[in-house]
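Coordinate inspection notes
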Amino acid sequence: MGQIYEAHRAVQAESKHTEWVKYPELAADLMVSGHPVELMDGDAGHVPLTWISSLLDEVIQKLGDQRVFVLSVLGVQSSGKSTMLNAMFGLQFAVSAGRCTKGAFMQLVKVSEEIKKDFQFEYVLVVDTEGLKACDTTLHHDNELATFVVGLGNMTLINMPGENPADMQDVLQIVVQAFMRMKKVKLSPSCVFVHQNVTDIAAAEKNMNERRCLQEKLDQMAQLAAKQESCDAECFNDVIAFDVQTDVKYFAQLLEGSPPMAPPNPGYSESVQELKNLILSKAKQSAGVKLSHFRIKIHDLWNALINEQFVFSFKNSLEIAVYRKLEVEYGNWTWALRSNMLTIENQLHNKIENGDTDKIERSDIVKEMSKTFEKIKKDMSKYFEDDRDKDMLVQWRGRFDNKIKEFQEELVTGVQRKLEEVMQQKKACKKLEDKKPEFENKLLQKSKELAHQLKDKPKDEEKLKKQFDSVWSDWVKDLIADTKPIEDINLEEDQETILQDVGIEQNIINDSKSSGKYKNMSEFDDYTGYIVHKQQKGQGIVAQVFSLIEDHIWGPMEYEDQEQIRSLIISIDKESLDAVKSKPVATRGYSSAYLQEVAKNVQDTVTEFESNKKYDFKKEFTVDLLLYIFDRAAIWLSQSHKKFKTSNDAHTYLESKKPQYYNIFSSFCNGNSSAVVFGEMICEKLKVSIVEAVCNKTAIDLAGEMRCTFPAFNGNRLNLEKHLLTSLAEKEDFDAFITYIQNPRKQVAAFIKEKVNMYMFTEYKEKAQNILRKNVDEMHKFVSQALFDATNNVKTQRGDIDMWVKEFSSFLKDKLTLESISCQNFGDINNFEFLKEEIEKGLISIKEELNRLSLDKMKEFRLRPDEILIDQLCNCCWETCPFCAAVCTNTVKDHSPEDHSVPFHRPSALSGGHYKNSDEMSVEFCTTKVASDIRFYPNLRLDPIPFKKYRKAGPPYKNWRITPDESKLKYWTWFVCRFQKEMEKHYRFKFTGSGQIPREWKTHTKEDAIESLDEMCKL
């Protein structure tokens, strides 16, 4: 009847029949006579507000606007809800095994004349509901139903089988949080817990313990929900009236023995009567609610529930908070592994450089980090087993166990690859390495001889320098006479040759280079100038002419096409750079074949892209794209070839040693002994190695310090997002916002670099400098101890200078790299105590110099704090919502089978969303659209699909969980208003017509926007 009535009302103007108008009256007669009437449609999970309003209006017509006391019941399936109500009030709700009630039903029970004077209402309105947690219902439906019936009732009986409230705990969590969010609906519910089928209902002390536990759990849920919703509720009773001393009842079993012959249990009837007395005693204190107000309450409550649907998608708010906390812990575990791996990488790198090993097995790396990995596994086990939320955490344990193993495998693979490259470099330099002792011996000998020749002449520094310079070039020529120098590379010439080889005319190349516009190709607003329409095969002359005319008058491309071209450029850029960086340039040198391979792959990718489009690219596009790729690759190629030349070119190596040998020459000229000169040589070599070791250790320590204490870096992915968005809002830089929307990882990396620089050079400069000084002190102590031990061993064993060098190097090898030292010209050294004292003097000078070292020096070495943090913090999910480009906030990179999600989505306009065949922006949030029948085009070639069925559009749509709701984060509404003109210019659409910005949005300030980010992090 209700469905027929609502259908007629929906098309009232077109209907010619009037019989349906009487349906509410007929239903009202049934309700007044004591029959139950459906309140919520169990099949559709919907409250027909039009029908219910008309029905209650008719009841009011028949009975007057009477006051009623609304008693609702809630519980899991087959917990005896209907049986209890039937026994209590003599009702006739359906009962049997399995599901009997579906949806929610309401029934009027008249208060008898005998007791009427004690109450302020005429009727009790009993609301019976279907059982929760049934196999054919969803979590969303259960949470929604529970909130609805608890909100309607003046009192709710929460029915549970047994003594454990766990079955209802999750549902009540959602109910509490939903009430806090639905601030417009004035609710004052109360509840009584009823435990069915308790064997020993007289065990008062035991039951009291159960009550205390129940109270604690309920209060904990309420406090957590209040914290997330910024409410001042401190306990469950602040939201739903409840007294643990009186509002918990225990029922014996209905039957004594096993059915079907078991007689009724008198104890059950006694329990029902006790509960009824409790209800009536509480009802005496209530004025109930008028039927007219009850009708309005149904309407307001149901509308509020529709607007708050996203709450019901979660099992409970505690689960969300627990998962967020788990993400933070996972970040701590992965950081502990990464930090340990960086230390291991340093140690193994030093071994390779010192020549102590020429092969690194995977098992060696795994063994080195096994202690830390085992500790992490124990910490994880302890967390999952001992945490107070362990029952909830167990559902994710298997997944996170696998993720931590995968993370360790990634670290091991990455370090192994890096170390293999170092070994390849070492092997590639073997020819030069083998010649270095010869070079050094000859240079030492020549320096010594020259110094001896000038020994008795005046010691003028300038003249000594000129004398040394005059012979140095001859020495170098003499030493490398039979060695071919490594030539510098000419990338610009190679690039032009390659472009000509692929068929590009010289004038097009010259035009592109002179304009220079290709350098920002991925950030262009409009790519229309790069394309031409395809002409259909077999079309007539008229159609061809029309097509040519269309090419001239065709305006800017559709935004979707523009973004596809931009994505193509970014994708080709990444693939090309990855391909170039995989080449062994640093170990074997540069070859133009590397760029030729890139050019061919770019052409093939562009051709494949064109095959599925209604347009072709002009040659200018290919030229600009190749120049853009070449320009980006040139920096890496130049740096890598420079490394190759430095490591393999004898002339370059010898020139780098000129200052060192001038110092040796000068020292000999000044009459210093061999021990003094040798000590100076050792200190010169140590200084280079110590600076690198200190800077690498400081980079790890600074990254660790910031990871633990810097607010933006010490939480989960969502926390990082909050701080990034706050920074963007404070700067109000539209270009930075666009970078974030189009390439979020790039903007996050830039944010991390900025914050690291700010930490190191402004806000915490002194703290960062102290970390550097601490590492300088530790390294000074380490080298001093190695010097002491090596000298003692040599003195004890009466060794020579060769033995001293070997001993000293062995003590340093784990933390420092020490270049090969030639002892051929220092065989006369036998006073090792004096040598030790000379080196100690040099170490003090090195320490003083390093304490004044700028933190900028770290940029020159292998490890940098910003890159370490980027590797750690950006090792997460970067998928973006296909509708609004919101970034998935899951801390775990590959979180399959879990869907991508984000607490708050954005207006579609942020990613250029607009209405088809229109220049009007779409200001709607995709969370609103997915609840509607509005359609979208997942691909311009496909038919439109309703937003509510967006998953049917396939990837990437089907991999996103977008919960329908009306939530609108003020941050993005402020952004749209603040940058309206910039967005219109960038996307070439307007905020007009259907895309007009709501007036309310314009009241949101930047302060409101930043404050709303806290709301985002609470979910």
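Residues numbered from 1 in each chain as written. Predicted model: local features only at pLDDT ≥ 70, side-chain atom pairs only at ≥ 80, totals over all residues. Heavy atoms only, no water.

Describing the packing of helix H4 (residues 81-89) against helix H8 (residues 266-283)
Spelled out, the test is: Throughout, an axis means a line fitted to C-alpha atoms (over the contacting stretch in the case of helices), and angles, computed between N-to-C directions, take values from 0 to 180 degrees. Helix numbers and strand numbers start at the N terminus; a helix is a DSSP run of H or I with at least 4 residues, a strand a run of E with at least 2. Note on angle classes: values under 35 degrees are labelled roughly parallel, values over 145 roughly antiparallel, values of 65 to 115 roughly perpendicular, and the remainder oblique. Here, two residues are considered to be in contact whenever any of their heavy atoms come within 4.5 Å of each other. Gly is placed with the polar residues, together with every amino acid not listed as nonpolar (Ala, Val, Leu, Ile, Met, Phe, Trp, Tyr, Cys and Pro) or charged (Asp, Glu, Lys and Arg).
Two numbers describe how H4 lies on H8: the axes approach to 10 Å, and their chain directions differ by 75°. Considered as vectors, H4 and H8 are oriented roughly perpendicular to each other. Between H4 and H8, the contacting residues are Thr83, Met84, Ala87, Met88 and Phe89 on the first element and Tyr268, Val272, Leu275, Lys276 and Ile279 on the second. Classifying every residue of the contact of H4 with H8 gives eight nonpolar, one polar and one charged.

So, the environment of Val47
Relative to the elements of secondary structure, Val47 occurs in the loop between strand S1 (37-41) and helix H3 (49-63). Separated by 56 residues in the primary sequence, Val47 and Gly103 have C-alpha atoms spaced 9.3 Å apart. Non-local contacts of Val47, meaning those with residues more than four positions away in its chain, are made with Leu39, Met40, Ile52, Phe148, Ile298 and Trp302.

Examining the nonpolar core
The condition is simple: We define the nonpolar core as a collection of buried residues of types Ala, Val, Leu, Ile, Met, Phe, Trp, Tyr and Cys that are connected through side-chain atoms lying within 4.5 Å of one another. Only protein chains enter the accessibility calculation, which uses a 1.4 Å probe; a residue is then buried when its area is under 20% of its type maximum, exposed when over 50%, and partly exposed in between.
Phe678, Phe713, Trp804, Phe808 and Phe975 are the most contacted members of the largest nonpolar core, which totals 121 residues. No other element matches helix H25 (residues 674-709), which puts 17 residues into this core. Setting aside residues up to four positions removed in sequence, Trp804 forms contacts with Phe678, Ile682, Leu787, Ala790, Thr791, Val794, Phe832, Leu835 and Ile839. Counting residues in hydrophobic clusters, the runner-up holds 58 residues, among them Leu39, Leu63, Leu125 and Ala146.

Thoughts on unusual backbone geometry
Residues apart from glycine generally show negative phi values, whereas peptide bonds are mostly found in trans. For the peptide bond that leads from Pro955 to Pro956, omega is 0°, which places it in the cis range. Even without a glycine there, the phi angle at Glu732 is positive, about 55°. Of note, Glu732 is situated in the loop between helix H26 (717-731) and helix H27 (734-742). Glu732 gets classed as partly exposed once you look at its relative accessible area, which sits at 25%. The residue Arg988 is not glycine, and still its phi comes out positive at about 65°.

Focus: the packing of H25 against helix H32 (residues 865-873)
Definition in use: In this scheme, a crossing is called left-handed if the near helix is turned counterclockwise away from the far one by less than a right angle; it is called right-handed if the turn is clockwise.
Between H25 and H32, the least distance of the axes is 8 Å, while the angle of their chain directions is 50°. When the axes of H25 and H32 are compared, the pair comes out oblique. Where H25 crosses over H32, the two elements pack in a sense that is right-handed. Touching Ala699, Ile700, Leu702, Ala703, Met706 and Arg707 of H25 are Pro865, Ile868, Leu869, Gln872 and Leu873, all from H32. Residues belonging to the contact of H25 with H32 are distributed by class as follows: nine nonpolar, one polar and one charged.

Digging into the environment of Pro964
Along the chain, Pro964 turns up in the loop between strand S12 (945-946) and helix H34 (970-978). With relative accessibility at 24%, the residue Pro964 sits in the partly exposed group. In sequence terms Pro964 and Cys926 are 38 residues apart; their C-alpha atoms lie 8.2 Å from each other.

What to know about the packing of aromatic side chains
Put simply, the rule is: Stacked, tilted and edge-to-face pairs are distinguished by plane angle, under 30 degrees for stacked and over 60 for edge-to-face with tilted covering the rest, among Phe, Tyr and Trp rings (Trp via its six-membered ring) whose centres lie within 6.5 Å. Note on geometry: a ring has a charge over it if NZ (lysine) or CZ (arginine) is within 6 Å of the ring centre and within 35 degrees of the ring normal.
The final tally for this structure, using the stated rule, is 39 aromatic pairs. With a centroid separation of 5.0 Å and an interplanar angle of 25°, the aromatic rings of Trp804 and Phe808 are classed as stacked. Here Trp804 and its partner Phe808 are both found in helix H30 (residues 801-812), four residues apart, which amounts to about one turn of the helix. The exposure class assigned to Phe808 is buried, which follows from its relative accessible area of 1%. Plain terms: the ring middles of Phe883 and Phe947 are 5.1 Å apart, the flat faces sit at 45° to each other, and that makes the pair tilted. Pair noted here: Phe883 is in the loop between H32 and helix H33 (926-929) and Phe947 is in the loop between S12 and H34, with a separation of 64 residues, a long-range link. Taken together, the ring pairs connect Phe734, Phe737, Tyr740, Tyr971, Trp972, Trp974, Phe975 and Phe979 into an aromatic cluster. Here Arg717 stacks its cationic end above the ring of Trp878, 4.3 Å away from the centre of that ring. Positioned above the aromatic ring of Phe782, the side-chain terminus of Lys815 is 4.9 Å from the ring centre.

Looking at the pairing of strand S3 (residues 103-110)
As a reminder of what qualifies: In this description, strands pair whenever DSSP reports at least two bridges between them.
Counting buried positions along S3 gives six out of eight residues, so the element sits mostly inside the fold. Of the strand pairs in this sheet, S1 and S3 are connected by four bridges, and their pairing is antiparallel. If you follow Val37 over to S3, its bridge partner there is Met106.

A word on the side chain of Asn716
Here Asn716 lies in the loop between H25 and H26. Discounting residues that sit within four places of it in the chain, Asn716 has contacts with Arg324, Glu327, Val328 and Thr891.

Let's talk about the environment of Tyr594
Structurally, Tyr594 can be placed in helix H21 (residues 592-611). C-alpha separation for the pair Tyr594 and Val580, spaced 14 residues apart in sequence, amounts to 6.7 Å. In contact with Tyr594, other than residues within four places in its own chain, are Lys583, Pro584, Val585 and Gly589.

Details of H8
Stated formally: How far a helix is expected to stretch is found by multiplying one less than its residue total by 1.5 Å. Arc definition: directions from the helix axis to the C-beta atoms.
If you check H8, its first and last C-alpha atoms are 26 Å apart, about what 18 residues at 1.5 Å a residue would give, namely 26 Å. Along H8, the residues classified as buried are Gly267, Tyr268, Ser271, Val272, Leu275, Leu278, Ile279 and Ala283. Each buried residue of H8 sits inside an arc of 155° when the element is viewed along its axis, so together they form one side. Buried residues belonging to H8 abut strand S2 (67-75), H4, strand S5 (155-161), strand S6 (191-196) and strand S7 (248-250).

Description of the pairing of S5
Buried residues dominate S5, accounting for six of its seven residues. Here S2 pairs with S5 via five bridges, running parallel. Among the inter-strand pairings, Ser72 is bridged to a residue of S5, identified as Thr156. Note that S5 and S6 share six bridges and pair parallel. Each residue of the ladder has a partner; that of Thr156, found in S6, is Cys191.

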